[in-house]
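# Summary of the model geometry
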Amino acid sequence: MASNMNQKITLSQFAYIYIQSQIGVDILNLPTVLHKSAGADGWITLIIGGLISIVFVLMITHTSKCYPGEDLFGILKSSLGKKLGSLAGFGYYVYFLVVAIYLLTSYGELINQWLLPETPVLLLYLLLLLSALYTISGGLTVMAKVFTFFALVLFFISALFLFGFINSKLIYLQPMGQATISGYLDGISVSVYSLSSFVLLFLFLPFTQGSYKQKRRVAIGANIVVAMFYLYTVLISFCHFGSEQLEHISQPILYMLRTADSILITRIDIFVLCLWTVFAMTAFASYLYAAEKAFAKLPKPQKKMINVYTTSLIVLGVSVWGGLNERNLRIIIDFQDKITEYFTLVIPILLFLLSFLRRKDKQGGAAS
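Remember, predicted model here, so these are calculated numbers, not experimental data.

### What about the overall build of the chain?
Tallying secondary structure elements over the chain gives 15 helices and 0 strands in all. Relative to the globule expectation of 21 Å for 368 residues, the C-alpha radius of gyration of the chain, 21 Å, shows essentially globular dimensions. The dimensions of the chain, computed from C-alpha atoms along their principal axes, are 70 × 45 × 40 Å. Burial status across the chain gives 53% buried among its 368 residues. Sequence-distant contacts in the chain: of pairs separated by 6 or more residues, those separated by 24 or more amount to 84%.

### Topic: the environment of D26
With respect to the helices and strands, D26 occurs in the loop between α1 (11-22) and α2 (30-38). By relative accessible area, which is 31% here, D26 ends up partly exposed. As a C-alpha pair, D26 and Y193 span 167 residues in sequence and 9.9 Å in three-dimensional space.

### Examining the layout of surface pockets
The calculated volume of the largest pocket comes to roughly 1100 Å³. Residue lining of the largest pocket: 40 residues in total, with D26, N29, V33, Y102 and I333 positioned closest to the centre. Of all the secondary structure elements, the ones that give two or more residues to the lining of the largest pocket are α1, α2, α5 (82-114), α9 (181-194), α13 (268-296) and α15 (326-367). A class-by-class count of the residues in the lining of the largest pocket yields 16 nonpolar, 17 polar and 7 charged.

### Overview of the side chain of S319
Summarising the element assignment, S319 is placed in helix α14 (residues 304-323). Judged by relative accessible area, S319 falls into the buried class, the value being 0%.

### So, the nonpolar core
Counting 125 residues, the largest nonpolar core has Y92, F96, W276 and F284 as its most contacted members. The greatest single-element share of this core, amounting to 19 residues, is contributed by α13. Residue contacts for Y92: discarding those within four places in its chain leaves L72, F73, L76, V199, F343, I347 and P348.

### Notes on α13
Compared with the 42 Å implied by 1.5 Å per residue over 29 residues, the 42 Å span of α13 between its first and last C-alpha is a close match. α13 sits mainly inside the fold: 24 of its 29 residues count as buried.

### Here's the deal with the confidence of the model for the chain
Averaged over all residues, the pLDDT of the chain equals 85, while 92% of them reach at least 70. Highest mean pLDDT in the chain belongs to helix α10 (residues 201-204) (94); lowest belongs to α14 (78). Across residues 363-368, confidence stays below pLDDT 50; counting only partners more than four residues off in sequence or on other chains, it has 0 contacts.

### Some remarks on empty space enclosed by the protein
Scanning the model with the defined rule gives 1 cavity of 30 Å³ or more in all. Here the largest cavity is characterised by a volume of approximately 70 Å³. Surrounding the largest cavity, I23, I27, L28, I157, F161, F229, T233, I253, V272, W276 and F279 form its lining. Those elements that provide at least two residues to the lining of the largest cavity are α11 (212-246) and α13. With 3 residues, the top contributor of residues to the lining of the largest cavity is α13. Partitioned by chemical class, the residues of the lining of the largest cavity number 10 nonpolar, 1 polar and no charged.

Thresholds applied
Residues numbered from 1 in each chain as written. Predicted model: local features only at pLDDT ≥ 70, side-chain atom pairs only at ≥ 80, totals over all residues. Heavy atoms only, no water. Helix = DSSP H or I, 4+ residues; strand = E, 2+ residues; numbered from the N terminus. Rg over C-alpha atoms; globule rule 2.2 N^0.38 Å. Buried < 20%, exposed > 50% of the residue type's maximum accessible area, 1.4 Å probe, protein only. Contact = heavy atoms within 4.5 Å. 1 Å grid on protein atoms, 1.4 Å probe; cavity = no way out; pocket = protein on both sides within 12 Å on 5 of 7 lines; lining within 4 Å. Points joined across faces, edges and corners; volume = space filled by probe spheres on them. Nonpolar A, V, L, I, M, F, W, Y, C, P; charged D, E, K, R; others polar. Core = buried A, V, L, I, M, F, W, Y, C linked by side-chain atoms within 4.5 Å. Expected span 1.5 Å × (residues − 1). pLDDT = per-residue confidence, 0-100.

If you want it as structure tokens, here you go:
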């Protein structure tokens, strides 16, 4: 199996991987969560959160440029030293695992609720896990080809969402500017976290063909595509339901499409949910890939597939422990909420600041 250094992906493949790593489970619940935070101004907080996420994309691409050829774990060791960098790398391993577990349990719960109520959740977990394993087993280049193949799904889903404009009312976006400051902050926080897969850029940028400017431009463009798709989804949900109804609906997009009908498709909500499982798989595969890369950096690394299987077994085991018990699942989600800020915001900012010191060191060395 080829090493990562020999596996280069194109700029378009890089864009597809990044977009599909971002769009996961949260898109179905995002309108409700934003509305609970900021009311009718939830879509405004999403725009602000999207702009903030672009700032983080710029910081990460700059940091990656200062450490050519190094992925996240190499950058951590170069910036923080071997011991502290290894500790931070292990922290990212835990973080990627927790996100993968969250994605897997959320997928199982949703499919069990909407499509297969009599099917054991364990079987649903296994199906998604095996699909993701097959996707990442061939390395980054094969993974990129699979993501590219599934890219059209986003356009199909976007077109089907148009049915939500039936019986929608722009008046439901009023009144604007009524949310409290804390409501805006909560909504912005939710928006940034929903776009927080930008941390995965550290793993994909070093193995993408093209110049730094090209990579930066593609990363920003891909991030904007995701943010616009989120905004599109949120606006449709807000205009269709209004504040009173949206407050009590957990997956507004699916409920919105449940009453829609067409000549070709009788249950558009079920059809969209089937298409959405592609994004559930690709987002899950990305974090499983990231966790496997982090596991490979731990002391005494084993063969690649042993790393993959070990990581998968941990994810499956904890998912079964959490997904079959509401209290245990709450523990997983609360833990994820606590550590997300550090691994998606704090450490990338720290690495960005430290990258300027590296640049000064290089300039000083060149001068001498």
